[in-house]
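# Understanding the architecture of this molecule
Given next are the chains, with one letter for each unit.
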Amino acid sequence: DALTAANQRGLAGYDHDAVAGVAFEQMCRLVPWDYPVLFWLSQIRQDIHSLLDAGGHMGTKFRAFRTILPDIEALKWTVYDVPAIVKAGEKRARDEGIENLSFTSRLDGHGPCDVFLGSGLLQYLNVPLPDLLGRLAASPKHLLLNKVALRKGKTIVTLERIGPALVPYQIRNEASFLAKLEGIGYRIADRWNIPSLSHVIDTHPEYGASESAGFYCTR
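The following paragraphs examine the structure supplied in this document. Since the model is a prediction, treat every value here as computed from it, not as a measurement.

### Looking at the side chain of H142
Position of H142 among the secondary structure elements: in strand 5 (residues 142-151). Not counting residues up to four positions away in its chain, the partners in contact with H142 are I44, I48, D114, V115, F116, Y216, C217 and T218.

Next comes the structure, spelled out in structure tokens:
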């Protein structure tokens, strides 16, 4: 419904060439909420060989993280995103000579992978997370989820302006989200909050502020 509403007002969704390059350089910089993810990657690095970066844009986290953890370049790092982003990401990686960064717009049967990274993915994901993980050849042992938009009340969807496009933005009910993680066999080993990414919808302040949270989960 949100996507239909956005289509009536112009460019809608992320899958457009005009959206691919928006804020790329900014997203390649380390920010404070990256550090819990970096910490857990450093803790499990010796036990992992492959990482699926879902919603990973053009490999922005790969570029940001290798400044702190250069040995992650030895990982098989695969970015999953929409076709327009994948096309732009592949070209940029070729232009920069990055050989160990691959891209896909299809997950069916992909894997197996040791780590599923979703940094800023879930608010834009149009299917439940268990459904997305269910497309993989096997369940990843580790989940690293960051910038997850949550609230205590019912799940709601609004629209966010990203460059020239309006993109659906989902704020999930926290209890339901956590129950689904547990239901597919994951245990939350760590959780962190990101107060600076809390949002109030301007047109509906009665819903209150969202919470932005990160999670490290093991299967």
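### Notes on the nonpolar core
Ranked by internal contacts, the top residues of the largest apolar core, which has 28 residues, are L41, F65, W77 and L144. Where this core is concerned, the elements lending two or more residues are helix 4 (35-44), helix 5 (60-65), strand 2 (76-80), helix 6 (83-96), strand 3 (101-104) and strand 4 (115-119). Ranked by residue count, the leading element in this core is helix 4, at 5 residues. Residue contacts for L144: discarding those within four places in its chain leaves V37, W40, L41, V115, F116, L117, G118, W192, F215 and Y216.

### Describing unusual backbone geometry
Between G111 and the following residue, P112, the backbone shows a cis peptide bond with an omega angle of 0°. Although it is not a glycine, A23 adopts a positive phi angle of roughly 60°. Relative to the helices and strands, A23 is located in the loop between helix 2 (17-20) and helix 3 (24-27). Judged by relative accessible area, A23 falls into the partly exposed class, the value being 34%. Its identity as a non-glycine residue notwithstanding, H57 has a phi of 55°, on the positive side.

Rules used throughout
Residues numbered from 1 in each chain as written. Predicted model: local features only at pLDDT ≥ 70, side-chain atom pairs only at ≥ 80, totals over all residues. Heavy atoms only, no water. Helix = DSSP H or I, 4+ residues; strand = E, 2+ residues; numbered from the N terminus. Contact = heavy atoms within 4.5 Å. Core = buried A, V, L, I, M, F, W, Y, C linked by side-chain atoms within 4.5 Å. Buried < 20%, exposed > 50% of the residue type's maximum accessible area, 1.4 Å probe, protein only.

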